[in-house]
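Given next are the chains, with one letter for each unit.
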Amino acid sequence: MFEKFPSLGQLKNDRRFVFILLLGALMFAGMFIYPIYIGFLLILSLLIFGTLSSVWKEPHIRLSALFLLLILAVSAIAVHGIKFGIDFMGGTRIPIVLEHSVSDLTMQDMVNTIKKRASVIGLTEIKVKAVGNSEIYVELPSADEEMVSRVEDILEKQGVYLGVVDGKTAITGQDILPGTIYRVPTQYLGGSDWGVGFSITKAGAEHFAEIVKGKANYPLYMFLDRPSNAFVVVNREQLKESLPESVEMDDALAAMKEALELDGDNTIIVFEEDVLPGMNLSNRTYAVLRKNAPQSVKDIFSSAGIMTKEVEDNEMIPEISYGGVGGAMVVAKWEAVGLLSSPFLSPQITDGIPSYSYSITGPASGAGQEKVLNAERRVKEIESILKGGALPVRITLGSKTTIPAPLGQEFLRLSLIGLLVAFLIVSLVISLTYRRLNVILPVIVVTLAEVIVLIAITGSFTIDLATMAGIIAAVGVSVDAQIIITDELLKKHGTKEEKLDKAMSIINTNVTVAILAMLPLLFSGMVEIIGFAVATILGALLGALLSRPAYAAIAGELI
Amino acid sequence: MLPNIYKGNYLLALIPPLLLIALAICFVLANGINLGVDFEGGTLATLQTKNSVDASWLESKLSEEGFANPHVNVFQTTYGYKVEVEFAQSEEIKRAESLKSEFHALLPEVSNLEVRYLSTGENGEEYTQKKGKLYSIAEEMINGLAGMNEVVSNKNLNELNGLFASSYSAVYKNYEKKVGAAINKHVSYDSISLQTVSPALSTQFIEKAGNVVLFSAILSTLFVFVVFRTAVPSAAVLIGAFSDVVIALGAMSFFGIPLTLASFAALIMLVGYSLDTDVLLTMRMLKREGDPREKAFDAMKTGITMSTTAIVAFSALFALAYLTRISTYYEISSVVICGLIGDIFATWGINAVILLKYMLGRR
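Residues numbered from 1 in each chain as written. Chains lettered and ligands numbered in written order. Predicted model: local features only at pLDDT ≥ 70, side-chain atom pairs only at ≥ 80, totals over all residues.

**A look at the overall build of chain B**
At step 1: When its secondary structure is counted, chain B shows 11 helices and 4 strands.
At step 2: Burial status across chain B gives 47% buried among its 363 residues.
At step 3: For chain B, the share of sequence-separated contacts (at least 6 apart) that also reach a separation of at least 24 residues comes to 74%. (Helix = DSSP H or I, 4+ residues; strand = E, 2+ residues; numbered from the N terminus. Buried ≥ 20, exposed ≤ 12 C-beta atoms within 10 Å, placed from the backbone. Contact = placed C-beta atoms within 7 Å.)

**What to know about the overall build of chain A**
At step 1: The helix and strand inventory of chain A stands at 18 helices and 18 strands.
At step 2: Relative to its length of 559 residues, chain A is extended, with a C-alpha radius of gyration of 32 Å against a globular reference of 24 Å.
At step 3: Dimensions of chain A, computed from the C-alpha atoms along their principal axes, are close to 100 × 60 × 50 Å.
At step 4: Looking at chain A residue by residue over its 559 residues, the buried ones come to 44%.
At step 5: Restricting the contact set of chain A to residue pairs at least 6 apart, pairs at least 24 apart contribute 74%. (Rg over C-alpha atoms; globule rule 2.2 N^0.38 Å.)

**Quick notes on the interface of chain B and chain A**
At step 1: Taken together, the contact between chain B and chain A spans 69 residues of the former and 71 residues of the latter.
At step 2: Those elements that provide at least two residues to the side of chain B that touches chain A are α4 (91–120), α6 (157–186), β4 (191–197), α7 (199–228), α9 (261–286), α10 (292–324) and α11 (327–362) of chain B.
At step 3: Top contributing element to the side of chain B that touches chain A by residue count: α10(B), with 15 residues.
At step 4: Looking at side-chain class alone, the side of chain B that touches chain A contains 41 nonpolar, 24 polar and 4 charged residues. (Nonpolar A, V, L, I, M, F, W, Y, C, P; charged D, E, K, R; others polar.)

**Looking at the packing of helix α14 (residues 405–434) of chain A against helix α16 (residues 465–489) of chain A**
Geometry of a packed helix pair, given as the angle between the helix axes and the separation of the axes.
Residue and element names in this part refer to chain A.
At step 1: In the contact formed by α14 and α16, the axes pass within 9 Å of each other and the chain directions differ by 15°. Between α14 and α16, the angle is such that the two are roughly parallel. Both α14 and α16 take part in a crossing whose hand is right-handed. Two secondary-structure elements touch here, α14 through Ser415, Gly418, Leu419, Ala422, Phe423, Val426, Ile430 and Tyr434 and α16 through Met468, Ile471, Ile472, Val475, Gly476, Val479 and Thr486.
At step 2: For the contact of α14 with α16, the class distribution of residues is 11 nonpolar, 4 polar and no charged. (Axes fitted to C-alpha atoms, helices over the stretch in contact; angles between N-to-C directions. Parallel < 35°, antiparallel > 145°, perpendicular 65-115°, else oblique. Left-handed = near helix turned anticlockwise from the far one by under 90°.)

**With respect to the nonpolar core**
At step 1: If you look at the biggest cluster of nonpolar residues, it comprises 166 residues, and the most contacted ones within it are A:Ile472, B:Ala265, B:Ala313 and B:Leu317.
At step 2: It is helix α18 (residues 527–558) of chain A that provides the largest number of residues to this core, a total of 19 residues.
At step 3: Once residues within four sequence positions are removed from consideration, B:Ala265 is found in contact with A:Ala466, A:Leu521, A:Ile529, A:Phe532, A:Ala533 and B:Ile332.
At step 4: The next biggest cluster of nonpolar side chains, apart from the first, holds 89 residues, and it includes A:Ile181, A:Leu224, A:Val330 and B:Ala182. (Core = buried A, V, L, I, M, F, W, Y, C linked by C-beta atoms within 7 Å.)

**Here we look at the pairing of strand β1 (residues 91–98) of chain A**
Residues and elements named next belong to chain A.
At step 1: Most of β1 is tucked away, with 7 of its 8 residues classed as buried.
At step 2: Bridge count for β1 against strand β18 (residues 401–403) is 3 bridges, and the pairing is antiparallel. Bridging from a neighbouring strand, Arg93 pairs with Thr401 of β18.
At step 3: In this sheet, strand β3 (residues 135–140) lies alongside β1 in antiparallel orientation, the contact comprising 6 bridges. The partner of Ile96 across the bridge, within β3, is Ile136.
At step 4: Across 3 bridges, β1 lies against strand β17 (residues 395–397) in antiparallel orientation. (Pairing = 2+ DSSP bridges.)

**Notes on the sheet that holds strand β16 (residues 357–362) of chain A**
Residues and elements named next belong to chain A.
At step 1: Strand order in the open sheet made by the 3 strands is β6-β7-β16, with antiparallel pairing throughout. The open sheet has two edge strands, β6 (182–183) and β16, and neither has a second partner.
At step 2: With 2 bridges connecting them, β6 and strand β7 (residues 194–199) associate as antiparallel partners. When the sheet's bridge partners are listed, Arg183 is paired in β7 with Val196.
At step 3: On the sheet, helix α13 (residues 368–386) packs against β6, β7 and β16 and is oriented at approximately 20° with respect to β7.

Here it is as structure tokens:
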């Protein structure tokens, strides 16, 4: 039956076969080296193998391409597992309503910032997705009420902007008038590379003028969510190593202390090795420390009931610059304490006369295009600090939906049974229609392979309700092409090649139409149903590029 | 097997699909299509209960509480009952939404006018007038809709903005509380979840859905014309697909399947699928030798096998929807099953007949 297939010895000398084999090995290696890109690698393999098996028509090439993809898919599932959405795992969905509709770009910003915020509590499995351009869904794989309310708190919290000059509060987020923050046009920059302007309230303007009077060239320390009455726990070695050679440790510490100075607040810097049992912890309620700080240090704070905020190592290191009065050393940025920028007060605004509009300008590093990009980044940064939070638009939380884990698992179990049932009855219909084992078996085997690859690809992203519906649908739709091929091959006149060509031209047209009709849905941004579009389109592609040629190869030999 | 329906007077094959289409149009005109929460906006409350609830009784009770046209569905599940209550968009939320967009359009303008006026004394009149308008909008939202009892006039713009935002979310939360309380009075439930689709969001969904339909239609039409290059067969293919969607819409109207994002996705998929069978028919008819009536019948045999497997798979999904009461499954499977059945009539009754007439007429 398989006399046309080459023998093993011939295969060794078959360049095409060896090439496909090498490609498969390459993808296989890629999956292990970059496990986060598993889904994309599978799609890439599908496209490459698919194109090759449409160009090279030898049956053994087509079959081995499908077989290799199947192996890749199965190992992807084995290594990486399948990711399911909260509908199947149980969890909570919190809708976030934006103050007003935003552009796609801003939306992307919002989604990223919310992701970052939410990941602070160590839940990496939190999903954040845009719904239209005025709502965002946050999904977490937990129905635990305490966890959910922690996430809600974090999401709801608006950042607090604080500007400090010489240890006194000069300006706060409450003083900045809504909607007045703007980017200074290039022609008004006067030598600087970027600028952000804003206006403040009458009371704010008067207060600011009084505080900064006579403080020309002092730094304005701009904080977002500055901790108050806190220990800032620094690792001495790390700080020393990170400072430039020319900077003395003591000078740096003095600059850091100065940056933290604020009337009515008692935030101090301590070194990790000085945090010892029995140290005086009174008067302070908060501690900022490194994630990698020794457990013993963390324990001392937690056993005293002091709240801790953990930051990355590099966030604990201050950025030093020179300027201001007499070119003194100044902390320009220190993320651990929320110090994000320290512009210097220009002499014109320190004369004590209130003004309602101010601008912050500065230089950008780099040259050419890089400089433009850096300037752009600085503008965004300053804008978001002034707006009192990383979020460009105010948000409110909607009411949450909770899916208990046992219910989700029940849904998953039933859905998988549904998938199996769909597969079985489709096979039954095929069996009853053709009543020939040499048609039925290949159809079933090829369809099964297709479903496995489809699950592997969609499962490397997330399978939600809509995706599952698409996968079940693919079982019924993907056999269509096999039916077209079979009916064509069973015809009495014409050679096998002619019949296959005719069948393939119908199938290619069909698949293109099906994909074209679904494509707009894929790009619509309607997250609830994109999964359905993805599964349907992938199913069609998979069929057109791989399983149909492979089926044609088997069926062509058999019938 | 079936006798060849295209032997003899094949025009008779037009009757069943035309009847179906006429029926579909009648249903849609008479009953309309039930827009789900996604497109119409409003609030959907989903309850898990131990005991069954009489839907029409609950509807009348909720109407008495002052909710306009509440819609109740009760399903039995493997773990008790699932009760869905749909509330139309409430007047206060609609009002809050329009106040919100007015407020945010005016706020930056007033801020800038204020700065200008305070620093230069210019545009005083315009400033006073617009500021007055802004504060009256805020007054209606904060004290009127949200019932917050705040003195608005002594707040600066920044405080006003903050207060406005919290009163907006208070309007939503109050409404959801009201819904929850009304349900709680009449039904005892194990869990409740509320989903409110704001007017802004539902409008966006409608716009996006409109775009998807438009681009889908343009892409498919262009492609069909590129493939077949002749007017009549291309038009026949498109008429076939279009009739199918009409029949599916009629079925949605008849069975009360709501138009939601899920059923919308199903309709789009149906367009692709129904074009598939139309393409099969047309390619077999145009690009092969032989008696057109035989070719049409041959294509029909293949096409019906294809449709059967698809119907069977979607029936599995439908059964799954029945067991789990997952509305996404139910909406997709029921729309596609109706559409696929409609497709059998539309393709082999309308498209095939037009093609046959075209080919036999040319001889």
